[in-house]
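A closer look at the structure
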Amino acid sequence: GENVEQHPSTLSVQEGDSAVIKCTYSDSASNYFPWYKQELGKRPQLIIDIRSNVGEKKDQRIAVTLNKTAKHFSLHITETQPEDSAVYFCAATENTGTASKLTFGTGTRLQVTL
Amino acid sequence: NAGVTQTPKFQVLKTGQSMTLQCAQDMNHNSMYWYRQDPGMGLRLIYYSASEGTTDKGEVPNGYNVSRLNKREFSLRLESAAPSQTSVYFCASSGQGYSNQPQHFGDGTRLSIL
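Quick look at the structure, then. (Residues numbered from 1 in each chain as written. Chains lettered and ligands numbered in written order. Predicted model: local features only at pLDDT ≥ 70, side-chain atom pairs only at ≥ 80, totals over all residues. Heavy atoms only, no water.)

Focus: the sheet that holds strand 6 (residues 56-59) of chain A
Residues and elements named next belong to chain A. Put simply, the rule reads: A pair of strands counts as paired when DSSP detects no fewer than two bridges linking them. Helix numbers and strand numbers start at the N terminus; a helix is a DSSP run of H or I with at least 4 residues, a strand a run of E with at least 2. Axis definition: a line fitted to C-alpha atoms, limited for helices to the stretch in contact. Angles are taken between N-to-C directions and run from 0 to 180 degrees.
With antiparallel pairing, five strands are arranged side by side in an open sheet as 1-3-8-7-6. One side of each edge strand has no neighbouring strand; the edge strands of this open sheet are strand 1 (4-7) and strand 6. The sheet shows a mean angle of 15° between the axes of neighbouring strands, taken without regard to direction. Two elements, strand 3 (residues 19-25) and strand 8 (residues 72-77), share six bridges in a ladder whose sense is antiparallel. Each residue of the ladder has a partner; that of Ala19, found in strand 8, is Ile77.

Some details on the sheet that holds strand 3 (residues 19-25) of chain B
Residue and element names in this part refer to chain B. Reading across the sheet, the four strands line up as 1-3-8-7 and stay open at both edges, with antiparallel pairing between neighbours. The sheet is open, and its two edges are formed by strand 1 (4-7) and strand 7 (64-68), each paired on a single side. Put simply, the sheet's adjacent strands are angled 20° from each other on average, direction ignored. Relative to strand 3, strand 1 runs antiparallel, the two being bridged by four bridges.

Looking at the nonpolar core
One broad rule of soluble globular proteins: the nonpolar side chains tend to lie buried together. Note the cut-off: Among buried residues, those of type Ala, Val, Leu, Ile, Met, Phe, Trp, Tyr and Cys that are joined through side-chain atoms within 4.5 Å constitute a nonpolar core. For the exposure calls, accessible area comes from a 1.4 Å probe over protein chains only, and a residue counts as buried if that area is under 20% of its type's maximum, exposed if over 50%, partly exposed in between. It only takes one pair of heavy atoms within 4.5 Å for two residues to be counted as in contact.
By size, the foremost hydrophobic cluster in this structure holds 24 residues, and its most contacted members are Trp35, Phe73, Leu75, Tyr88 and Leu110 of chain A. Among the elements of the structure, strand 2 (10-14), strand 3, strand 4 (32-38), strand 5 (45-51), strand 7 (62-67), strand 8, strand 9 (86-95) and strand 11 (108-113) of chain A are those that each provide at least two residues to this core. With residues up to four places along the chain from it excluded, the contact list for Leu110 of chain A reads Leu11, Val13, Ala19, Ile77, Asp84, Ser85, Ala86 and Tyr88 of chain A. Counting 20 residues, the second largest nonpolar core, distinct from the first, contains Trp34, Tyr47, Tyr64 and Leu76 of chain B.

Some details on the state of the cysteines
Residue and element names in this part refer to chain A. Quick reminder of the rule: Two cysteine sulfurs form what is called a disulfide whenever their separation falls within 2.5 Å.
Counted under the stated rule, the structure contains two disulfides over all chains. With a sulfur-sulfur separation of 2.0 Å, Cys23 is cross-linked through a disulfide to Cys90. Because the torsion about its S-S bond is -100°, the bridge between Cys23 and Cys90 counts as left-handed. Taken together, the residues Cys23 in strand 3 and Cys90 in strand 9 connect sequence positions 67 residues apart.

Quick look at the pattern of salt bridges
The condition is simple: Salt bridge, as used here, is a side-chain nitrogen of Lys or Arg placed within 4 Å of a carboxyl oxygen of Asp or Glu.
One pass over the structure, following the stated rule, counts seven salt bridges over all chains. With a closest N to O distance of 2.9 Å, Arg61 of chain A and Asp84 of chain A form a salt bridge. Of the two residues, Arg61 of chain A sits in the loop between strand 6 and strand 7 while Asp84 of chain A sits in the loop between strand 8 and strand 9, which places them 23 residues apart along the sequence. A salt bridge links Asp38 of chain B to Arg36 of chain B; the shortest N-O distance between them is 2.9 Å.

So, the packing of aromatic side chains
Worth spelling out the cut-off: Only rings of Phe, Tyr and Trp enter the pairing, Trp through its six-membered ring, and a pair is recorded when the two centres are within 6.5 Å. The plane angle decides the type: under 30 degrees is stacked, over 60 is edge-to-face, the rest tilted.
Under the defined criterion, the tally for this structure stands at 14 aromatic pairs over all chains. With centroids separated by 5.3 Å and ring planes inclined at 85°, the aromatic side chains of Tyr36 of chain A and Phe105 of chain B adopt a geometry described as edge-to-face. A residue pair is termed interchain when its members come from two chains, as with Tyr36 of chain A in strand 4 and Phe105 of chain B in strand 10 (residues 104-105). Residue Tyr36 of chain A shares its accessibility class with Phe105 of chain B, and that shared class is buried. Residues Phe104 of chain A and Phe105 of chain B carry aromatic rings whose centres are separated by 6.3 Å and whose planes lie at 70° to one another, so their mutual orientation is edge-to-face. In this pair, Phe104 of chain A is assigned in strand 10 (residues 100-104) and Phe105 of chain B in strand 10, connecting two distinct chains. Side by side, Phe104 of chain A and Phe105 of chain B carry an identical accessibility label, which is buried. Members of the aromatic cluster, connected to one another through ring pairs, are Tyr36, Phe89 and Phe104 of chain A together with Tyr33, Tyr35, Tyr48, Phe90 and Phe105 of chain B.

Structure, rendered in structure tokens:
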């Protein structure tokens, strides 16, 4: 099955700086890579996703890059703000033929300090 | 449009008791999923249902059973609760299991087993 590793486990940045979270995956057949943000006590919410036919995707201050050869993908947050403080999860899809199962990384706790 | 609704939000059980966690979605999604979230371990897939009438095991199915009652509802049952099943349980749904559509999560059920 798929294995997803995520680093770092915690990340502290000053407001306005950039934050980068990295993930690696094991299954070369995986082709969909979403990122979720989870605030304390809340549900995970999708913030951006990328499919394997695309190398980079941006949405305002958030971008994701994918390197299929190296089997890693990264989340980039620019101009960080206090409301970006949360736990971020990467995930990769394992296609079973009948469904897409997400395998999640263990999460990165991002703290944006003033 | 409520999205994914989970009940109950909180529950305390004694070891050996049974209970059913309910999940319903109103987005006409084909696929539904049950995850558990433990500190430092991200989200782990318990069971999923690619479509109405089908269910399959995920990464951590032991001690659980599921029922896909209809297209809207997917329940998770603990037959004999154990302290190791203390966790936050999330239900999710997606539009088409095989085509890598985003998964949308409910608010979670916080379950404590004494």
